[in-house]
Amino acid sequence: MDAPELLARYERMALIRRTEKAAHDLFLSGLVKGTTHLAAGHEAIAVGASAALRDDDYVFATYRGHHHALARGATPEECLAELMSRATGLCRAKGGSMHLTKASVNMLGSYAIVGAHLPMAVGAAWSARLRGTGQLAVAFFGDGATNIGAFHEALNLAAVWKLPVLFVCENNLYMEYTPIADVTAVARPAADRAGAYGVPGEVVDGNDVVAVYETVAALAERARAGGGPAIVEAETYRHFGHSRADPAAYRPAEEVERWLKHDPLDLARGRLAELGVEEETVAAADDRARAAVQEAVEAAKNAPPPDPREAMTDVWADGGAAWRT
């Protein structure tokens, strides 16, 4: 990843970070209803992985999926409007924070049921294999999902059929409020299980956008060539609690401090400096991200509410529920 590419990735991460902060502030002001799971701190995983994928590859995420939607092409305005239940939202106010989806760019959804999307990613990979498109499916999930049956079922079938699918675990050390290490028999909840299915298991610094990019790019090339699935365990840390209602008081202060010093944006700025990119250039990228999110907030605030007459559209295959009666 050369300097211009890394600068673009940095700006995308800055855009995501500011969008997440805006979502937090809008909740505090009463404009975002319901549960919101922020991914501040996870930006390098979404942006680094996305940079290694083709535009037509399939992406599946969890309820903590704002960063993946934004990395794949959703705009801050679309995401914030969805969180604020506006008609201009990504899902026209039907999905909310936990179900951001943009099928036009093959971001095929964020899923609130832990592990539910892993078999779906396998199905998408199988479809790509049958159609001979060379597409790849990538399922992002949290460390807690590695103890869900769907993780093992999906991984086993993908391995048996050698499907072009990558399983990317965003290991932020906590499954909601419980340390993953307290309830898991192996030290690496995702990568240490790869051997049981005969697939590669790579551990990567999930806060280093370049490291994530290089790891995913290599495994994506392998999968497209018929090498089958692989697991990536990306070590990271969330800056906020599990959800908007969680102060995260269960996390040791020294642990939080250590991880905050290993911030994805700080690491990227350090890499940019090593490549000779001037501070003013990086600051300009930050300014562009800030301005874009500010504009998105105002646009979302001023957007109309959804039309109640559209409540049943995009729900049934024929556009309505008349078939039920």
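Right above here is the structure, for reference.
Throughout, a residue's number is its position along its own chain's written sequence, starting from 1. Local features are withheld for residues below a pLDDT of 70 in this predicted model, meaning they are given only at 70 or higher, and side-chain atom pairs are given and counted only at 80 or more; totals for whole chains, interfaces and linings count all residues. Computation of side-chain values covers all heavy atoms of the structure but excludes hydrogens and water.

Colleague: Help me get a handle on the side chain of His66, residues and values and all.
Modeller: With respect to the helices and strands, the residue His66 is situated in helix 3 (residues 66-71). Throughout this description, buried means an accessible area under 20% of the type-specific maximum (1.4 Å probe, protein chains only), exposed means over 50%, and partly exposed covers the range between. We classify His66 as buried; its relative accessible area is 3%. Here a polar contact means two N or O atoms within 3.5 Å. Within protein one must be a hydrogen donor candidate and the other an acceptor candidate, and residues neighboring in sequence count only if both atoms are side-chain atoms. In this structure the side chain of His66 is engaged in a polar contact, spanning 2.7 Å, whose partner is the side chain of Ser97. Aside from chain neighbours lying at most four places away, what touches His66 is Glu20, Thr36, His37, Leu38, Leu83, Ser97 and Leu100. Here a helix means four or more residues in a row that DSSP labels H or I, a strand means two or more in a row labelled E, and each is numbered from the N terminus. Between two residues, a contact is recorded if the distance between any of their heavy atoms is within 4.5 Å.

Colleague: Summarise unusual backbone geometry; cite the residues concerned and give the values.
Modeller: A positive phi angle, close to 75°, is found at Ala93, a residue other than glycine. Among the structural elements, Ala93 can be located in the loop between helix 4 (76-83) and strand 2 (107-111). Judged by relative accessible area, Ala93 falls into the partly exposed class, the value being 23%. For Lys162, which is not a glycine, the phi torsion comes out positive at approximately 50°. Turning to its location among the elements, Lys162 is positioned in the loop between helix 6 (149-161) and strand 4 (165-171). We classify Lys162 as partly exposed; its relative accessible area is 44%.

Colleague: Kindly report on the pattern of salt bridges, identifying the contributing residues and their values.
Modeller: We define a salt bridge as a side-chain nitrogen of Lys or Arg found within 4 Å of a carboxyl oxygen belonging to Asp or Glu. Under the criterion given, the structure shown has 15 salt bridges. Note that Lys21 is salt-bridged to Asp25, the shortest N-O span being 2.8 Å. Remark: Asp25 and Lys21 occur in helix 1 (residues 3-28); sequence separation between them is four residues, near one turn of the helix. Since its relative accessible area comes to 43%, Lys21 is described here as partly exposed. Judged by its relative accessible area of 34%, Asp25 falls in the partly exposed class. Two residues, Arg290 and Asp287, come together in a salt bridge whose shortest N-O distance is 2.6 Å. Residue Arg290 and its partner Asp287 are both found in helix 10 (residues 279-302); the two are separated by three residues, about one turn of the helix. A relative accessible area of 31% means that Arg290 is categorised as partly exposed. The network of salt bridges with shared partners includes Arg17, Glu43 and Asp263.

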